[in-house]
Amino acid sequence: MTSLPAIGRVIAVLGPTNTGKTHLALERMLGHRTGMIGFPLRLLARENYDRIVRLKGKGAVALLTGEEKIIPAHPSWFVCTVESMPLDRRVDFLAVDEIQLCADPDRGHVFTDRLLHARGQTETMFLGAETIKPLIRRLVPGVEFDTRPRFSQLSYTGEQKLQRLAPRSAVVAFSAADVYTLAELMRRQKGGAAVVLGALSPRTRNAQVGLYQAGEVDYLVATDAIGMGLNMDVDHVAFAGLRKFDGRVPRRLEASEVAQIAGRAGRHMNDGTFGTTGDIGPIDAEIVDAVEGHCFPPLQRLQWRNSALRFTSIAALQGALNRQPDRPGLIRARDADDQLVLAALAADPEIAARARSPERVRLLWDVCQIPDFRKTLAEQHSRLLGVIFGHLSGPDERLPADWLDRQIKRLDRIDGDLDTLIMRIANVRTWTYVSHRADWLTDAAGWQERSRAIEDRLSDALHDRLTQRFVDRRTTMLVRKLKGADALLSSVATDGQVLVEGHFIGNLRGFRFEADHAEGIHATRTVAAAASRALRPEIASRVAKVAAEPDAAFRLDEQGLILWQDNPVAGLTAGATPLRPAIALLPSDLIETAARDLLHRRLTAWLDGFLARGLTGLFAALDAALPGPARGLVFQLGEGLGSLPRRNAEAQIRSLVEADRRALARLDVRLGMESVFLPSLLKPASRSLRGLLWCLHRGLPVCAAPPAGAVTVPMAPGCPAGFYEAVGFRPLGGLAVRLDTLERFSAEIRHLARSGPFAASQAPSARFGLSPSDAGTILEALGYRPETGEQGLVYRMAPRRPSDHRPRRSERSETSPFAALRSLTRA
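What you see is a predicted model; the values in this text were computed from it and never measured.

J.: It is not clear to me how the overall build of the protein chain should be interpreted in this structure. Could you clarify?
T.: Looking only at helices and strands, the protein chain features 30 helices and 35 strands. Here the C-alpha radius of gyration of the protein chain, 46 Å, is well above what a compact globule of 827 residues would show, namely 28 Å. When its C-alpha atoms are laid out on the principal axes, the protein chain stretches across 140 × 60 × 50 Å. For the protein chain, the proportion of contacts with a sequence separation of at least 24, taken over those separated by at least 6, is 67%. In the protein chain, 109 side chains carry a positive charge and 94 a negative one; their mean positions are 5 Å apart.

Below, the structure is given as structure tokens:
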């Protein structure tokens with residue numbers, strides 16, 4: 001077999017990636033009156049078609065791929081996939097990109113056919129790697145060579161962990177599962193990544209690359225699909241694996257394959273780097289040297305399949321396909337998918353019976369060339385193509401509209417996970433390809449429009465799913481904005497929700513920012529940085545507002561937190577005395593030192609007034625001009641937060657003279673038989689404040705104060721007895737009794753006991769809101785011994801202990817039942 005004689009000049013422009021070969025070919029083509037260029041990928045063809053349309057207009061250029069055909073009335077230039085090049089059309093200029101794919105086991109025979117037979121009338125240009133140079137020289141007589149150096153340097157940087165990868169890096173794996181795992185990791189550690197898989201539709205792939213190119217993400221995770229046809233601003237390529245499945249067996253990457261992928265790093269004059277992710281080990285030194293030096297072993301043979309086919313019978317067609325090459329440097333390609341489908345269908349007696357004429361054999365071969373976009377089992381694909389051939393070889397020689405409608409309609413759904421959407425897109429691409437065979441169906445244009453619309457919807461849904469799963473849009477947007485010097489657009493809602501550039505990042509509670517949940521430390525730090533920068537004006541405004549607020553704007557909660565606008569801004573901690581707690585502003589990185597000092601002064605002033613109002617009687621007593629013994633007693637009252645057992649102040653009470661007693665009475669200080677206390681501090685609000693101050697001073701959890709109206713409460717487990725003393729209740733035998741009730745009850749009992757033992761039923765428990773059980777507990781705690789007599793249960797005063805106090809007459813009259821009632825009336 002011989003190649004077609006060259007018509008005009010034939011030139012091979014060879015070199016590594018980033019040498020401007022494609023740009024040169026397009027310039028040369030547009031310099032001719034007519035031209036055609038074949039690309040290895042549909043998306044590359046579409047990208048360059050769009051570029052030429054912008055330069056020359058839609059009427060001047062045609063697009064031909066397996067799934068898309070845009071052919072104006074009189075095009076001057078044709079942009080195609082290599083398989084779809086209309087070689088029967090004469091053009092002045094013809095080019096084929098990535099010509100080294102002649103050696104590809106799956107598609108190589110198509111490229112080899114173009115190398116041997118496709119020519120332009122004036123100029124033919126083959127673009128590719130230098131590895132094919134010896135074979136081109138051998139197979140294409142008179143060919144010229146133009147070797148182009150790479151514009152930028154490509155250097156190996158060794159191993160690097162994923163979390164240390166710099167922005168504008170691409171991570172390459174060799175299976176969809178690995179890509180998904182890496183993309184999830186990049187989302188957590190870097191805010192997200194764009195994803196590129198060979199199974200993505202061109203629309204989805206371009207949308208993902210668009211995310212990366214627009215700077216919405218700084219990282220790309222991909223299969224080796226990025227090695228060809230994607231122009232991106234990548235600075236570094238990190239290999240997460242060095243083995244791939246080539247369709248038959250897993251194998252290590254060859255040096256030329258590493259170079260093709262690594263060559264995505266560096267754009268035009270910007271140098272690029274490549275390496276590994278650190279968990280797979282380094283790349284072999286020999287491969288590194290080859291990639292950096294762009295020096296690879298030459299190809300030894302090219303894949304070839306006979307293109308001079310005979311359609312007289314299925315056997316004749318198969319015989320032509322099986323023909324061996326007769327030129328050195330060529331090897332018969334392994335059976336491609338179309339040939340395998342042909343063999344499967346030929347074994348079907350019904351199909352074989354239908355394909356008995358040259359026209360039917362040619363039709364069968366055309367059907368066999370429908371690509372298996374689904375990459376399903378060969379049997380499934382063969383079965384589908386058998387059905388298609390059955391319809392086309394039937395009486396109508398068309399695909400039935402209702403059958404085609406059912407096939408397409410079931411794919412028009414955007415629900416499901418990533419793999420489901422990818423499979424639907426692959427299925428609809430089959431029908432898009434079929435719809436471009438106008439002789440196979442009625443209203444081909446309508447079916448093309450419908451299948452393309454479904455593919456676009458599915459592709460957009462897939463892009464959205466990928467972005468939702470693998471891109472933290474909030475983090476990536478904030479990172480991008482934080483790199484600039486401009487102020488962040490932010491707002492704080494009345495409920496505290498903080499929006500930055502339209503994204504919710506958390507809540508501002510007082511002066512504390514509560515960040516919304518973020519995945520990974522990178523996202524957490526980004527949200528914190530954005531809040532710090534965006535909330536500065538709001539924090540300054542709030543500080544000024546707090547400084548000018550009246551006291552009524554603040555309140556103290558039951559846990560000792562100072563609230564402003566119902567948000568905690570500070571807390572009370574132990575101070576020098578229980579009545580002088582310290583103020584600690586709640587931690588916040590948003591408040592500067594000067595603002596913190598201003599807040600502290602304002603809150604301190606408020607607290608002083610709040611305590612003075614809440615414990616008015618106690619502070620009045622402490623501030624009063626009293627003589628020594630009375631002053632000492634009041635000092636003890638201050639330490640006890642307004643009450644203390646009488647026995648603890650016996651020495652001071654004995655030292656009081658009548659004038660001291662009158663002065664204390666004017667201050668509402670009661671000298672009871674059981675306690676010394678201020679009745680005004682037994683009110684619920686005062687009790688709660690006293691309990692809070694007592695617990696805070698001792699660094700204890702805050703206990704719940706007795707409820708309003710309670711005269712006795714069971715002592716709660718874990719609540720110290722001192723707490724009940726501090727809130728005006730006396731612990732007695734597991735029961736806490738309010739001091740005024742205890743005084744009045746004990747006075748009545750003393751009066752009752754003067755006549756000797758008394759029945760339990762005589763105790764005035766109900767009058768004081770006491771249950772019989774509580775009254776019994778109090779009586780025993782006060783020293784009355786229960787006995788069983790003729791009257792039933794009676795109580796007898798126990799013998800007085802030497803340490804027991806016997807009050808003077810004046811004290812007895814002061815604490816008589818009637819005096820106690822008068823005191824209660826005055827209170």
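J.: How do you make sense of the pairing of strand 25 (residues 567-573) when you look at a structure like this?
T.: A regular strand carries its side chains on alternate faces of the sheet. With five of seven residues buried, strand 25 is to be regarded as a mostly interior element. Note: strand 24 (residues 561-564) against strand 25, four bridges, orientation antiparallel. Each bridged residue has a counterpart across the sheet, and for Trp 564 the counterpart in strand 25 is Asn 567. Linking strand 24 back to strand 25 in an antiparallel pair, the connection comprises two residues, with Gln 565 at a positive phi of about 55°. Alignment of strand 25 against strand 26 (residues 582-585), held across four bridges, turns out to be antiparallel. Looking across to strand 26, one finds that Leu 572 is bridged to Ile 583.

J.: Before we go on, may I ask you to explain the environment of Gly 142 in this structure?
T.: Here Gly 142 shows up in the loop between helix 4 (133-139) and strand 8 (144-147). A relative accessible area of 68% means that Gly 142 is categorised as exposed. In this structure, the C-alpha to C-alpha distance between Gly 142 and Phe 296, residues 154 residues apart in sequence, is 24 Å.

J.: For this particular structure, what's the right way to read the state of the cysteines?
T.: Working definition: the covalent bond between the sulfur atoms of two cysteines is a disulfide. Counted by the stated rule, this structure contains one disulfide. The disulfide that involves Cys 703 links it to Cys 719, with 2.2 Å between the sulfurs. One end of the pair, Cys 703, is in the loop between helix 25 (684-698) and strand 30 (712-714); the other, Cys 719, is in the loop between strand 30 and helix 26 (721-726), with 16 residues separating them in the sequence. With respect to class, Cys 703 is no different from Cys 719; both count as buried. Take Cys 695: it sits in no disulfide, and the sulfur closest to it among the cysteines is that of Cys 703, at 4.5 Å. Classification of Cys 695 by relative accessible area gives buried; the value is 0%.

J.: When you look at helix 22 (residues 628-639) in this model, what are you seeing that I'm missing?
T.: Every α-helix winds through 3.6 residues per turn, so residues three or four apart in the chain are directed the same way. Compared with an ideal rise of 1.5 Å per residue, which puts twelve residues at 16 Å, helix 22 spans 17 Å between its outermost C-alpha atoms and is within 8% of the ideal. Taken together, the buried positions of helix 22 are Ala 630, Leu 633, Val 634, Gln 636, Leu 637 and Gly 638.

J.: How do you make sense of the packing of helix 20 (residues 593-614) against helix 25 when you look at a structure like this?
T.: Packed helices, taken two at a time, are described by the angle their axes make and the gap between the axes. It is the contact of helix 20 with helix 25, at a shortest axis distance of 10 Å, that shows an interaxial angle of 125°. Here helix 20 is positioned oblique relative to helix 25, judged by the angle of their axes. Contacts between helix 20 and helix 25 involve Phe 610, Leu 611 and Gly 614 from the former and Ser 686, Leu 689 and Leu 693 from the latter. Looking at the contact of helix 20 with helix 25, its residues break down into four nonpolar, two polar and no charged.

What counts and how
Each residue is numbered by its place in its chain's sequence as written, counting from 1. The model is predicted, so local features are restricted to residues of pLDDT at least 70 and side-chain atom pairs to those at 80 or more, both for listing and for counting; the totals for chains, interfaces and linings are taken over all residues. With hydrogens and water excluded, all non-hydrogen atoms of the structure serve as input to the side-chain values. A run of DSSP states H or I qualifies as a helix once it reaches four residues; a run of E qualifies as a strand once it reaches two. Both are numbered from the N-terminal end. Just to be clear, the radius of gyration here is over C-alpha atoms, and the globule rule we use is 2.2 Å times residues to the power 0.38. Residues are treated as being in contact if the distance between any of their heavy atoms lies within 4.5 Å. For the purpose of counting charges, residues Lys and Arg are taken to be positive, whereas Asp and Glu are taken to be negative. His and the chain ends are not included. One atom stands in for each charge, and that atom is NZ of Lys, CZ of Arg, CG of Asp or CD of Glu. Burial classification: accessible surface area is computed with a 1.4 Å probe over protein chains only, and a residue below 20% of its type maximum counts as buried, one above 50% as exposed, and the rest as partly exposed. Pairing between two strands requires that DSSP report at least two bridges joining them. Disulfides are defined as pairs of cysteine sulfur atoms found within 2.5 Å of each other. In this analysis, the expected span of each helix is defined as 1.5 Å times one less than the number of residues it contains. A fitted line through C-alpha atoms serves as each axis, taken over the contacting stretch for helices, and the angle formed by two N-to-C directions is quoted from 0 to 180°. Convention used here: angles under 35 degrees read as roughly parallel, angles over 145 as roughly antiparallel, angles from 65 to 115 as roughly perpendicular, and any remaining angle as oblique. Residue type decides the class: Asp, Glu, Lys and Arg count as charged, Ala, Val, Leu, Ile, Met, Phe, Trp, Tyr, Cys and Pro as nonpolar, and the leftover types, Gly among them, as polar.

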